[in-house]
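# Structure assessment
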Amino acid sequence: IFVVARNNGAGVGMILGPAAVNNQIRYENPTQILSVGVGNGLSSITSTIGDNHVHHSLSIRYDGVTWEVWRDGVLASSTPEGVTGPLTLGRLGSWFSGQFGLNGDVAEVMVYDVALSPAQREAVEDYLRTKYALP
């Protein structure tokens, strides 16, 4: 998953929200994101990514063993995980009921159904960095 976004809020702001089960990728506060997969075994993973009030690229890669979070091409966290079902993210910027709506901007979202190789991930991040003049 690749997202170019920024969070203008101080608290929870949903980046990608749940569809059928409660899977989320959200800004938890001004410096962290939370990934969680209630219903598919993804534990609650908090990753410190730095100031999210500026536009940045956020990349999440799961290869069946490790959940990685990247900010502007720099690894922010790497967590061993054993997900037991699909990650179902069906909402952009909100939760089931519209709660936790994102107070911010989402410029682009790219989702792949396989874990990209390191070279492929870097190529996508380079593309996004150039397109949006990111650091």
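As a reminder, the structure under discussion sits directly above these lines.
Residues numbered from 1 in each chain as written. Predicted model: local features only at pLDDT ≥ 70, side-chain atom pairs only at ≥ 80, totals over all residues. Heavy atoms only, no water.

## Examining the sheet that holds strand E2 (residues 13–18)
Our working rule: Strand pairing requires that DSSP identify at least two bridges connecting the strands. In this text, helices come from DSSP runs of H or I with a minimum length of four residues, and strands from runs of E with a minimum of two, each type numbered from the N-terminal end. Axes here mean lines fitted to C-alpha atoms, for a helix over just the part in contact, with angles spanning 0 to 180 degrees between N-to-C directions.
Read across the sheet, 5 strands follow the order E5-E4-E3-E2-E9 without closing on themselves; strand pairing throughout is antiparallel. Both outer strands of the open sheet, strand E5 (42–48) and strand E9 (89–92), are each paired with one neighbouring strand and no more. Strand-to-strand twist of the sheet, defined as the mean angle between neighbouring strand axes without regard to direction, takes the value 15°. Judged from the 3 bridges that link them, E2 and E9 form a sheet pairing that is antiparallel. Directly across from Gly17, in E9, lies its bridge partner Arg91.

## A word on the environment of Gly11
The line we're drawing: Under the scheme applied here, a residue whose accessible area is under 20% of the maximum for its type counts as buried, over 50% as exposed, and between as partly exposed, the area being computed with a 1.4 Å probe on protein chains only.
Structurally, the position occupied by Gly11 is in the loop between strand E1 (2–7) and E2. Its relative accessible area of 34% is what places Gly11 among the partly exposed residues. Sequence-wise, Gly11 and Met110 are 99 residues apart; in three dimensions their C-alpha atoms are separated by 24 Å.

## Comments concerning the pattern of salt bridges
To be explicit about the condition: The rule for a salt bridge is simple: a side-chain nitrogen of Lys or Arg has to be within 4 Å of a carboxyl oxygen of Asp or Glu.
Across all of its chains, the model carries 9 salt bridges by this definition. Where Glu108 meets Lys131, a salt bridge forms, and the shortest distance between an N and an O atom there is 2.9 Å. Here the residue Glu108 occupies a position in strand E10 (residues 104–110), and Lys131 occupies one in helix H1 (residues 118–132), the gap between them amounting to 23 residues. Relative accessible area serves as the criterion here: at 15%, Glu108 is assigned to the buried category. Taken together, the shared-partner salt bridges connect Arg61, Asp63 and Glu68 into one network.

## So, the side chain of Glu108
Our working rule: Polar contact is defined as a pair of N or O atoms within 3.5 Å, subject to the rule that within protein one atom must be able to donate a hydrogen and the other to accept it, and that residues adjacent in sequence are counted only when both atoms are side-chain atoms. Here, residues are in contact when the closest pair of their heavy atoms is within 4.5 Å.
A polar side-chain atom of Glu108 sits 2.9 Å from a polar atom in the side chain of Lys131. At a separation of 2.6 Å, a polar atom in the side chain of Glu108 contacts the side chain of Tyr132. Each residue touching Glu108, except ones within four places of it in the same chain, is listed here: Phe2, Val3, Val4, Tyr127, Leu128, Lys131 and Tyr132.

## Focus on the packing of aromatic side chains
The cut-off we apply is this: Two rings from Phe, Tyr or Trp (for Trp, the six-membered ring) form a pair when their centres are within 6.5 Å of each other. A pair whose planes differ by under 30 degrees is stacked, one over 60 is edge-to-face, and the rest are tilted. We call a charge positioned over a ring when the NZ of a Lys or the CZ of an Arg lies within 6 Å of the ring centre and within 35 degrees of the ring normal.
Applying the stated criterion to the full structure yields 2 aromatic pairs. Ring centres 5.9 Å apart and planes at 85° place the aromatic pair Phe2 and Tyr112 in the edge-to-face group. Within this pair, whereas Phe2 is found in strand E1, its partner Tyr112 is found in the loop between E10 and H1, the two being separated by 110 residues in sequence. Residue class for Tyr112 comes out partly exposed when judged on its relative accessible area of 37%. For Arg121, the ring lying beneath its charged end belongs to Trp70, and the centroid distance is 3.4 Å.

## Quick word on the environment of Leu89
Positionally, Leu89 belongs in strand E9. Using a relative accessible area of 25% as the deciding quantity, one classes Leu89 as partly exposed. Once residues lying within four places of it in the same chain are set aside, the contact partners of Leu89 are Ile1, Leu16, Gly17, Ala19, Asn23, Gln24 and Ile25.

## Points about the sheet that holds strand E6 (residues 56–62)
If you trace the 5 strands from one edge of the open sheet to the other, you get E8-E7-E6-E1-E10, paired in antiparallel fashion. Every other strand in the sheet has two partners, leaving strand E8 (74–80) and E10 as the edge strands with one partner each. Strand-to-strand twist of the sheet, defined as the mean angle between neighbouring strand axes without regard to direction, takes the value 20°. As paired elements, E1 and E6 share 4 bridges and run antiparallel to each other. Following the sheet pairing, Val4 is matched in E6 by Ser57. This element, H1, spans E1, E6, strand E7 (66–71) and E10 of the sheet and lies at about 140° to E10.

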